[in-house]
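# Chains, contacts and geometry: an overview
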Amino acid sequence: MSEHSGPGLFAPAEVDEDTWSRLHDLAVEAMEHAYAPYSRFRVGAAAVTEDGRYVSGCNVENAGYGVTLCAECGLVSELVRTGGGRLVALVCVDGRGEACAPCGRCRQVLSEHAHPQMILAMPSGRMTIDEVLPGSFSVQAMAQVDGAVAPTDAH
């Protein structure tokens, strides 16, 4: 990570090329552990948090395809297990080690745990979370419905 300002928190704009390289390597390492006997489409994901922690995940398939777990879901589980926080930058790779776009469901899951300007390495280049999921459904949308219970802060 490059030098940053603030109380020990990193912003997406402060993610340097060394960090992007480390995220890619960690995503490839996670992908190598994927369980994909049905599709053979192995995926790994890695991210860095505002406090500088690295988290990763891999896809875990199931014979009942609907209950397959995407790499990004594993990553979010690791994020929550290790203390939560906001994701600042994310790399997702396929079995070739090339950038892979998160599916729609994963974009929604990631958005709930993302820094407002989180950057994702997409096949077409780096994009913010709002660019890959414009108009996301959020806790603020829940709060607008009378009677809906929205968590105050899950992080």
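Keep in mind that this is a model prediction, so the values were computed, not measured.

Another aspect to go through is the UniProt feature "binding site: Zn(2+)" (unreviewed entry) in the protein chain. Feature annotation in UniProt assigns "binding site: Zn(2+)" (unreviewed entry) to the following positions: Cys70, Cys103 and Cys106. These annotated residues cover 37 residues of sequence, and their C-alpha atoms all fall within 8.6 Å of one another, placing them together at a single site. Locating Cys70 in the fold gives a position in the loop between β2 (54-58) and α2 (71-81). Residue contacts for Cys70: discarding those within four places in its chain leaves Cys58, Asn59, Cys103, Arg105 and Cys106. Here Cys103 lies in the loop between β3 (87-93) and α3 (104-112). For Cys103, a relative accessible area of 35% corresponds to the partly exposed category. When residues no more than four places from it in sequence are discounted, the contact partners of Cys103 are Cys70 and Glu72.

Contact geometry for α2 and α3: axes closest at 9 Å, N-to-C directions at 20°. What the angle tells us is that α2 and α3 run roughly parallel. Classified by chirality, the crossing of α3 by α2 is left-handed. Along the contact surface, α2 presents Glu72, Cys73, Leu75 and Val76, while α3 presents Arg105, Cys106, Val109 and Leu110. Partitioning the contact of α2 with α3 into residue classes produces six nonpolar, no polar and two charged.

Quick look at the pattern of salt bridges now. One pass over the structure, following the stated rule, counts four salt bridges. A salt bridge links Asp51 to Arg53, with the shortest nitrogen-to-oxygen separation between them at 3.1 Å. On the basis of relative accessibility, which here comes to 41%, the residue Asp51 falls in the partly exposed class. Close ionic contact of Arg81 with Glu78 constitutes a salt bridge, the shortest N to O distance being 3.0 Å.

What follows is about the pairing of β2. Alignment of strand β1 (residues 44-49) against β2, held across five bridges, turns out to be antiparallel. Bridging across to β2, Ala47 finds its partner in Val55. Between β1 and β2, which pair antiparallel and follow one another directly, the connecting turn spans four residues, one of which, Gly52, has a positive phi of 90°.

This paragraph deals with α2. Regarding α2, the residues found buried are Ala71, Glu72, Cys73, Leu75, Val76 and Leu79. Looking one or two places after α2, you find Gly83, whose phi comes out positive at around 120°.

Parameters at a glance
- Residues numbered from 1 in each chain as written.
- Predicted model: local features only at pLDDT ≥ 70, side-chain atom pairs only at ≥ 80, totals over all residues.
- Heavy atoms only, no water.
- UniProt positions renumbered as here; feature names shortened; annotations may be inferred.
- Helix = DSSP H or I, 4+ residues; strand = E, 2+ residues; numbered from the N terminus.
- Contact = heavy atoms within 4.5 Å.
- Buried < 20%, exposed > 50% of the residue type's maximum accessible area, 1.4 Å probe, protein only.
- Axes fitted to C-alpha atoms, helices over the stretch in contact; angles between N-to-C directions.
- Parallel < 35°, antiparallel > 145°, perpendicular 65-115°, else oblique.
- Left-handed = near helix turned anticlockwise from the far one by under 90°.
- Nonpolar A, V, L, I, M, F, W, Y, C, P; charged D, E, K, R; others polar.
- Salt bridge = Lys/Arg side-chain N within 4 Å of Asp/Glu carboxyl O.
- Pairing = 2+ DSSP bridges.

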